[in-house]
Amino acid sequence: MSKIQIKKGDTVYVLAGEDKGRTGRVLAVLRDKNRAIVEGVNIVTKATKPSAQYPQGGLIKKEAPIHISNINLVDPKTGKPTRIAIKRENGKAVRIAKKSNQEIK
């Protein structure tokens, strides 16, 4: 099983699917399912019963998880999608953008 190199708060680019070409911020990473929830991507409509949170009930739109293989991290320098390398600096693992060789924070 490969290690997931995308974290909550990262800006990602969608490579495949209905929302191909869009960018968004990662809201959550579901490590056990190899999926991530990206803001404004893979929007689904869900029917809900009235509750304390939704007193009216009805249809709500929310983001559904997207597979990790369908997203790529956005390079902080160029703003384009890039792959990630892991390098060790002073005993700590640091993520590096392969296109610009710049550290990803």
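All of these numbers come straight from a predicted model, not from anything done at the bench. (Residues numbered from 1 in each chain as written. Predicted model: local features only at pLDDT ≥ 70, side-chain atom pairs only at ≥ 80, totals over all residues. Heavy atoms only, no water.)

**Structural notes on unusual backbone geometry**
Even without glycine at this site, Asn42 takes up a positive phi of about 60 degrees. Mapped onto the secondary structure, Asn42 falls in the loop between strand E3 (35-38) and strand E4 (43-48). For Asn101, which is not glycine, the phi torsion reads 60 degrees and is therefore positive. (Helix = DSSP H or I, 4+ residues; strand = E, 2+ residues; numbered from the N terminus.)

**Some remarks on the sheet that holds strand E8 (residues 81-82)**
Spatially, six strands are ordered E6-E3-E2-E1-E7-E8 in an open sheet, and the strand pairing comes out antiparallel. Across the chains shown, the open sheet's two edge strands, defined by having one partner strand only, are strand E6 (66-67) and E8. Where strand E2 (residues 23-30) lies against E3, four bridges are found, and the strand directions are antiparallel. What sits directly across from Leu30, in E3, is Arg35. (Pairing = 2+ DSSP bridges.)

**Section: the layout of surface pockets**
There is about 220 Å³ of room inside the largest pocket. Ranked by residues supplied to the lining of the largest pocket, first place goes to strand E7 (residues 71-74) with three residues. For the lining of the largest pocket, the class distribution of residues is seven nonpolar, seven polar and two charged. By volume, the second largest pocket is sized at about 190 Å³. (1 Å grid on protein atoms, 1.4 Å probe; cavity = no way out; pocket = protein on both sides within 12 Å on 5 of 7 lines; lining within 4 Å. Points joined across faces, edges and corners; volume = space filled by probe spheres on them. Nonpolar A, V, L, I, M, F, W, Y, C, P; charged D, E, K, R; others polar.)

**Brief notes about the nonpolar core**
Core analysis: the biggest nonpolar cluster contains 15 residues, and Ile6, Val12, Val38, Ile66 and Ile71 have the highest contact counts within it. For this core, the elements supplying multiple residues, two or more each, are strand E1 (11-14), E3 and E7. Every residue in contact with Ile66, bar those within four places of it in the chain, is listed here: Val14, Ala16, Asn34, Arg35, Ala36, Val38, Val41, Asn42 and Ile71. (Core = buried A, V, L, I, M, F, W, Y, C linked by side-chain atoms within 4.5 Å. Buried < 20%, exposed > 50% of the residue type's maximum accessible area, 1.4 Å probe, protein only. Contact = heavy atoms within 4.5 Å.)

**Quick look at the environment of Lys105**
Here Lys105 shows up in the segment after strand E11 (103-104). Those residues in contact with Lys105, other than ones at most four positions away along the chain, are Asp10 and Arg95.

**Remarks on the side chain of Ser100**
By the element assignment, Ser100 lies in the loop between strand E10 (92-97) and E11. At 2.9 Å, the side chain of Ser100 forms a polar contact with the side chain of Asp75. Each residue touching Ser100, except ones within four places of it in the same chain, is listed here: Asp75 and Lys77. (Polar contact = N/O pair within 3.5 Å; in protein donor to acceptor, adjacent residues only side chain to side chain.)

**A short note on the sheet that holds strand E9 (residues 84-89)**
The strand order across the open sheet built from three strands is E9-E10-E11, with neighbouring strands paired in antiparallel fashion. Single-partner strands in this sheet number two, and they are E9 and E11. As paired elements, E9 and E10 share six bridges and run antiparallel to each other. Paired with Ala85 across the two strands is Ile96, which belongs to E10.

Distances and angles like these do not, on their own, reveal function.
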